Structures are given as C-alpha cells and as structure tokens.
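Each chain is listed here by its residues.
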Amino acid sequence: MPRRRLVSPLTPPPKPILALGLEGSANKLGIGIIEHTPNGETIIRSNVRHTYITPPGEGFLPRDTAQHHRDWIMKVLKDACKVAGVGVGDVDCICYTKGPGMGAPLQSVALVARTLSLLYNKPIIGVNHCVGHIEIARVITHAHNPVVLYVSGGNTQVIAYSKQCYRIFGETLDIAVGNCLDRFARVVGLPNDPSPGYNIEQLAKKKGRKLVSLPYATKGMDVSLAGILSSIEGYTLDKRFRPDLELDSSTTEEDIISPADLCFSLQETVFAMLVEITERAMAHVRSKEVLIVGGVGCNERLQEMMGVMAQERGGKVFATDERYCIDNGIMIAQAGILAYRMGQETKLEDTTCTQRFRTDEVHVTWRA
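Summary of the structure given here. (Residues numbered from 1 in each chain as written. Predicted model: local features only at pLDDT ≥ 70, side-chain atom pairs only at ≥ 80, totals over all residues. Heavy atoms only, no water.)

**Re the side chain of aspartate 92**
Among the secondary structure elements, aspartate 92 is positioned in the loop between α1 (62–84) and β4 (93–99). Only 3.2 Å separates the side chain of aspartate 92 from the side chain of lysine 15, close enough to count as a polar contact. In this structure the side chain of aspartate 92 is engaged in a polar contact, spanning 2.8 Å, whose partner is the backbone nitrogen of leucine 18. With near-sequence residues (within four places) excluded, aspartate 92 lies in contact with Lys15, Pro16, Ile17, Leu18, Lys122, Pro123 and Tyr340. (Helix = DSSP H or I, 4+ residues; strand = E, 2+ residues; numbered from the N terminus. Polar contact = N/O pair within 3.5 Å; in protein donor to acceptor, adjacent residues only side chain to side chain. Contact = heavy atoms within 4.5 Å.)

Here is the structure:
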C-alpha cells in the first residue's frame, strides 16, 4: 500500500527572504547567502569558503583554527556579500553554527554572528551543523525522504526522518570516518591540501592494488573505527611496507605493501561497513533512497559502492559535489531560513555554542 504524502507546514513567503549563514565548526570557514522566493524557488546567491590547511603530518588545533577564522572572516563575509549583490542589512536573518564542532572555532564565528545581528538589528538563528548538511543536500538533489548517511571528520551517522525529527539509526562508537582517514593520511605523510581524505582517495584509485586484511567492525547498526586505524597503522611498521613504493608503479612483488595499498584497503573495508549499516536502515524504514552528506560524501568510491547496493534494491543514491558536501555557509543559511520561516528565533542570551549537539535533538518544525 503506497504511503500517504504529508503536506509541508511551510507556507510560501509573501516576499523573497534572504538568509546569511556562517559556518566555522572545524577548519573550513564558510559564509553563504540563500534566497527563498514566493513561488517556492531556492536560490543560492553566494557560497564562499576558506580552508585552514596545515603542513603534511599535522592536524589542526582548535586555537590555531579559531585564529584562522578570526583572520579571514571579514574578507569571506565581504566576498559573500559581493557575489550575492547584497549587503548584510538586506538579509532577513543571520544564521550561525551552534554545534557540534570544535569549541574555539565555533565561538569565533558565533561572536561575529551576534555582532552582525546587533549592528543590523536582525534576528539570529542557531543551527545544528548536521541538520544543515541534510537540508542543503535535500534542496540540491531533490531527494524526497531518503535514509541519510552522514560521514565527515567529526560525525558518522545513519539517519532517517520521522515525526519532525532526524532519528539516528546507527553511528560510530568511537572516531568518525573522516577522522580515521585524516589520521591515517598523516601517518603515511600525505598532504592536507586540498584535504587528506581526497588524497587518500586519489592514491587508492590510481595505484592501490592489494587488499590487506583489516578488522571489519560492525556492531548491529553501529560501527567501530578506532581498531581499524590501529591495525592499518601497524602495517606501516611491517617489514613488507615500502613507504616510497607509490612512486614506482611498475613494481609487481606480491610480498610488498605500499601506501597506496593501505589507502585502498582502508577505503574498501570502512566503506563496506557503512554500506552495510545503511542498507539495514533502508530495509527497516522501507526506503528506496540514500542521501550521502558530509565531507567524506564527496568520495566517489563511497558513492560507487553505495550505488551498487541501492541498485540491487531497486533504489537510488543521491550525493552532492564538494561545493555542498564539504562544510559551507550555505547549508547553515538553508537550515536557518527554514527555521526562520516557521517563526523560530534564538534569543541573544541563548546564542551560545556546544561541541555536543546531536542531530536528533533538533525539532524539525518545517517538515510534516
């Protein structure tokens, strides 16, 4: 029996509405301006981003990342307004990332959002970072009611919507998949530009040939990644490991392990685990759609593996490119403008930040 399509509680705005979104929960500083029109159209007016990139082998510390955001936020704001062709005074609301994320970077951006709200007398809306990823991806891909795989540097969750809540069906029990990839990239000396995960993907795709044995740690609907990271780091101490082998594509020795082989093995193992728990969620909620969001969602191998699974179930995979997968300001603007249209506003004394703000804590009033 087909399911009844529910009517959205959102009503068309009487005039075009503009929202300014500020994102800075990790090493990406993004500001975007979005417009909702009376005819139901969503227009991305600008989406500007600047990334804090550290030297190879190093991660990004909260203090240094916050300093990067303070140094660049005015330029990014001016560029976003210039591209959009509007000023801060022209927007209807200001939206910022309330959490989750790194404390110091979150606070740096929230301070600017509060200042702009007071200077221009605009309402301010605190946005859940995870919900921002979901909402912008829904707009871009036109996915109706998918199971969501949210994979990033700080989060790994399988999510499905029900009764005005994004409910978490499964998640990582320790570290996030993006954090796992980033930390391994540092171990093998891959650069952080443009991102460690991207460089792992390219090395695995071009030169990875051997699949080494790694723990496969699905636990019901959850996954565990810390043990896999420890195991693959152990291979770099194995006598068969050759750290410079990726420079020699003609090598055919079976007893040699290259960094490319380890990148390939890590991706195949971890992504297979993610596909498995996503398929379980699809079966549970009887969904034919999968939406991949978050920075790791850009990975084409993950999209390919998920696509094979979805096709076997008669379903479809939805994903976005790096403009919207990777942390950005427009996703915060989209989630914020939806809340604003439902009459929500964050009181100034409540415009705090939290490093722990779960996806299922948000009341999704704009969906039926």
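**Digging into the sheet that holds β4**
Here we have five strands laid out as an open sheet, ordered β3-β2-β1-β4-β5, and mixed in their pairing. The open sheet has two edge strands with one neighbour each: β3 (42–51) and β5 (124–128). Within this sheet the neighbouring strands show an average axis-to-axis angle of 20°, counted without direction. Relative to β3, strand β2 (residues 28–36) runs antiparallel, the two being bridged by nine bridges. Its bridge partner lying in β3, histidine 36 is registered against threonine 42. (Pairing = 2+ DSSP bridges. Axes fitted to C-alpha atoms, helices over the stretch in contact; angles between N-to-C directions.)

**Some words on unusual backbone geometry**
A cis amide bond links glycine 99 with the next residue in sequence, proline 100, at an omega value of -5°. Within the secondary structure layout, proline 100 lies in the loop between β4 and α2 (103–120). Each neighbour pair has its own omega, and for aspartate 193 with proline 194 the value is 0°, a cis peptide bond. Considering the arrangement of structural elements, one finds proline 194 in the loop between α4 (177–187) and α5 (196–207). Although it is not a glycine, asparagine 121 adopts a positive phi angle of roughly 55°. Of note, asparagine 121 is situated in the loop between α2 and β5. Its identity as a non-glycine residue notwithstanding, histidine 142 has a phi of 65°, on the positive side. Assignment of secondary structure puts histidine 142 in the loop between α3 (129–141) and β6 (147–151).

**Some details on the sheet that holds strand β7 (residues 156–161)**
Taken in spatial order, the five strands of this open sheet run β8-β7-β6-β11-β12, and their pairing is mixed. Unpaired on one side and paired on the other, β8 (166–171) and β12 (316–319) mark the two borders of the sheet. Neighbour to neighbour, the strand axes of the sheet diverge by 25° on average, direction disregarded. Looking at chain direction, β7 and β8 are connected through five bridges and run antiparallel. For alanine 160, the partnering residue across the bridge sits in β8 and is arginine 167.

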